[in-house]
Amino acid sequence: MQVQQIGVRTEWGVVKECIYGWAEQFVIPKFLADSKARAYGDFERFWIANQGRAVAEADPDYFAAFKKQLDDAVAILRGLGIKVHQPLRLSEANMAFPRGENHGCMTPWLRDPFVTIGNNVIELAPRSLFHRRQRFSVRHILASTMDRGARYFAQPDGGADDDSAGPGWGYLEGGDIFVLGSKILVGHSGNCSNPEGARWLQHAIGPDYDVEMVTLDPLFPHLDCVLMTPREGLVVVCMDAFPEGLPAHLANWDRIVVGKEAAKRHLACNNLVLDEHTVMMPSEEPHDRVAEELKARGFEVIRTPYEAIYRVGGSFRCAHQPLVRL
C-alpha cells in the first residue's frame, strides 16, 4: 500500500491525517502569566482553585463529560476515514520539564507544540510553559514523518523562563499559525507568539513562503480564537479582535462576523475545517448562527456536543494539528 506523503497546503485542504487531543492526562496548570489569557468565566475560578490537580480528581463528573465529548469527536473523524493519532502519556520526569516541577498538562489540545507547513513538520517553542512539554507526548509521531517525505526539525527551545527577549528568543504556538498557500499568518496578541518567532519561521521555511505577523487584541491568546478560513475567499472572524484590521490578504474576503463574547466564551471561530465544503463545530446553541451562515454558503456542517471542552479556552481547531491536508 502506498504511504501518504506528509503535507499541508491550506487551511481548507482535505484532512486525511491529524494528531488529536487526548483527555486522560489533563492536569490543571499552575496559574502563571500565560494562563491568564486563556482562563475565562467559571472555568477561570475552577482553574485557580485546582492548580496542579488532575481534572478527573478535582471534578469527576465534569471530567466524564469532557472525556466523552472529546472521544465522540475522535470517533466522528475516524468514521469519516481520517487517520487520527493521539499522544502517549508523559513520563513523570517530562511532566516536570522545564522547571523541575509539575505545572500542568494540556494534552487535550495539541495544536500548539508543532505545525505542518508544506512538507515541513516543525516542533515549536511555545510561550506557555504547559505547552512546552507537549512535544514529548507526540514526538514518536513527528519523528515517523521523516520516512514519509517530511522535513522534520525544531525551533530553538525557550528554556525555563516565563519569557525572554532579544535575538534567538522566538516563541511560536500552533494556534497562531495559519497556512494559506504560500502566505503564512502568525497572530501576535502579546500572550503567545512573538515577532522574533515569526522572523525565525520565515528563515526556517525560506523564500517560497511569506510570513506575516497579525496584531490581535490581548484578550485572546491565539489567532485561531478569532479567525477561521473554511475556504479561500471566506472568513469566520471576530473583527473587534483586529485593532489594525484584517491583513490585506484577507481584506476582501466574504465575512461571517462574530462578536467578542462569542469568540471568547464560546470559541465561535475555533472550528475544524474538514475540507472546503465541510466544517465540524459544536452543537450547542451559541454556535447556531455561524452554522446557519455556513450552510447558506453551501457547507455541510457536522455538529457534536463540545461545550465541556471549549469552556476551558480551546475548541476543535485547538484540539487537532494536521499532518496531511491536501
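Residues numbered from 1 in each chain as written. Predicted model: local features only at pLDDT ≥ 70, side-chain atom pairs only at ≥ 80, totals over all residues. Heavy atoms only, no water.

Counted by the stated rule, this structure contains ten aromatic pairs. Centre to centre, the rings of Trp12 and Trp253 are 6.0 Å apart; their planes meet at 65°, and the pair counts as edge-to-face. One end of the pair, Trp12, is in the loop between strand E1 (7–8) and strand E2 (15–20); the other, Trp253, is in the loop between strand E13 (234–237) and strand E14 (254–257), with 241 residues separating them in the sequence. Both residues of the pair, Trp12 and Trp253, belong to the buried class. Measuring from ring centre to ring centre gives 6.0 Å for Tyr62 and Phe66, while their planes differ by 65°; the resulting arrangement is edge-to-face. (Phe/Tyr/Trp six-rings, centres within 6.5 Å; stacked < 30°, edge-to-face > 60°. Helix = DSSP H or I, 4+ residues; strand = E, 2+ residues; numbered from the N terminus. Buried < 20%, exposed > 50% of the residue type's maximum accessible area, 1.4 Å probe, protein only.)

If you trace the backbone, Phe242 turns up in the loop between E13 and E14. As a C-alpha pair, Phe242 and Ile48 span 194 residues in sequence and 29 Å in three-dimensional space. Phe242 has contacts with Val214, Thr215, Leu216, Leu223, Val226, Leu227 and Val237, leaving out every residue within four places of it along the chain. (Contact = heavy atoms within 4.5 Å.)

Next up on the list: the environment of Gly259. Topologically, Gly259 is positioned in the loop between E14 and helix H8 (260–265). Between the alpha carbons of Gly259 and Cys269 there is a distance of 10.0 Å; along the sequence they are ten residues apart.

The next point concerns the pairing of strand E10 (residues 183–188). Within E10, five of the six residues are buried, leaving the element largely enclosed by the surrounding structure. The antiparallel pairing of strand E9 (residues 177–180) with E10 creates a hairpin that spans two residues between the two strands, and Gly181 there sits at a positive phi of about 70°. Direction of pairing for E10 relative to strand E11 (residues 210–215): parallel, over a ladder of six bridges. Looking at E11, one finds that Ile184 is bridged to Val211. (Pairing = 2+ DSSP bridges.)

Okay, the sheet that holds strand E7 (residues 120–123) next. Taken together, the three strands give an open sheet; going across it, the order is E6-E7-E8, and neighbouring strands pair in mixed fashion. Edge positions in the open sheet fall to strand E6 (114–117) and strand E8 (151–154), since each of these has one partner strand only. Neighbour-to-neighbour, the strand axes of the sheet open up by a mean angle of 15°, direction not taken into account. When E6 meets E7, the two strands line up antiparallel, connected through four bridges. What sits directly across from Thr116, in E7, is Val121. Set on the sheet, helix H6 (residues 135–144) makes contact with E6, E7 and E8; between it and E7 the angle comes to about 160°. (Axes fitted to C-alpha atoms, helices over the stretch in contact; angles between N-to-C directions.)

Read from one edge to the other, the open sheet built from three strands follows the order E12-E13-E14, with strand pairing classed as mixed. Edge positions in the sheet fall to strand E12 (227–231) and E14, since each of these pairs with one other strand and no more. Within the sheet, the average angular offset between the axes of one strand and its neighbour, ignoring direction, is 25°. Pairing of E12 with E13, which is carried by three bridges, proceeds in the antiparallel orientation. When the bridges of E13 are listed, Arg231 appears paired with Leu234. Helix-sheet contacts for helix H9 (residues 288–296) involve E12, E13 and E14, and the interaxial angle to E14 is about 160°.

Bringing the nonpolar core into the picture now. Grouped together as the largest cluster of nonpolar side chains are 71 residues, with contacts concentrated most on Tyr20, Phe26, Phe66, Val226, Phe242 and Leu294. A per-element tally of this core places helix H3 (residues 60–79) first, with seven residues. Excluding its chain neighbours within four sequence positions, the residues that come into contact with Phe66 are Ala23, Phe26, Pro108, Trp109, Ala308, Ile309 and Val312. (Core = buried A, V, L, I, M, F, W, Y, C linked by side-chain atoms within 4.5 Å.)

As a further point, take the side chain of Glu284. Within the secondary structure, Glu284 is located in the loop between strand E16 (278–282) and H9. For the buried Glu284, no salt bridge is present, and the opposite-charge side chain at shortest range is Arg303, 6.4 Å distant. Aside from chain neighbours lying at most four places away, what touches Glu284 is Gln69, Arg303, Thr304, Pro305, Tyr306, Glu307 and Tyr310. (Lys, Arg positive; Asp, Glu negative; His and termini not counted. Salt bridge = Lys/Arg side-chain N within 4 Å of Asp/Glu carboxyl O.)

Before going further, it helps to examine the pairing of strand E18 (residues 320–325). Burial runs high along E18: six of the six residues are buried. Where E1 and E18 come together, two bridges link them in parallel fashion. Paired with Val8 across the strands is Arg325, a residue of E18. Of the strand pairs in this sheet, E2 and E18 are connected by five bridges, and their pairing is antiparallel. Looking at E18, one finds that Cys18 is bridged to Pro322.

Three or more residues of H9 are buried, namely Val290, Ala291 and Leu294. With its buried residues spanning 100° around the axis, H9 presents them on a single face. Buried residues belonging to H9 abut E12, E13, E14, E16 and strand E17 (300–304). The positive-phi residue at the C-terminal boundary of H9 is Gly298, with phi of around 95°. (Arc of directions from axis to C-beta.)

Fair warning: the whole summary comes from geometry, so function is off the table for now.
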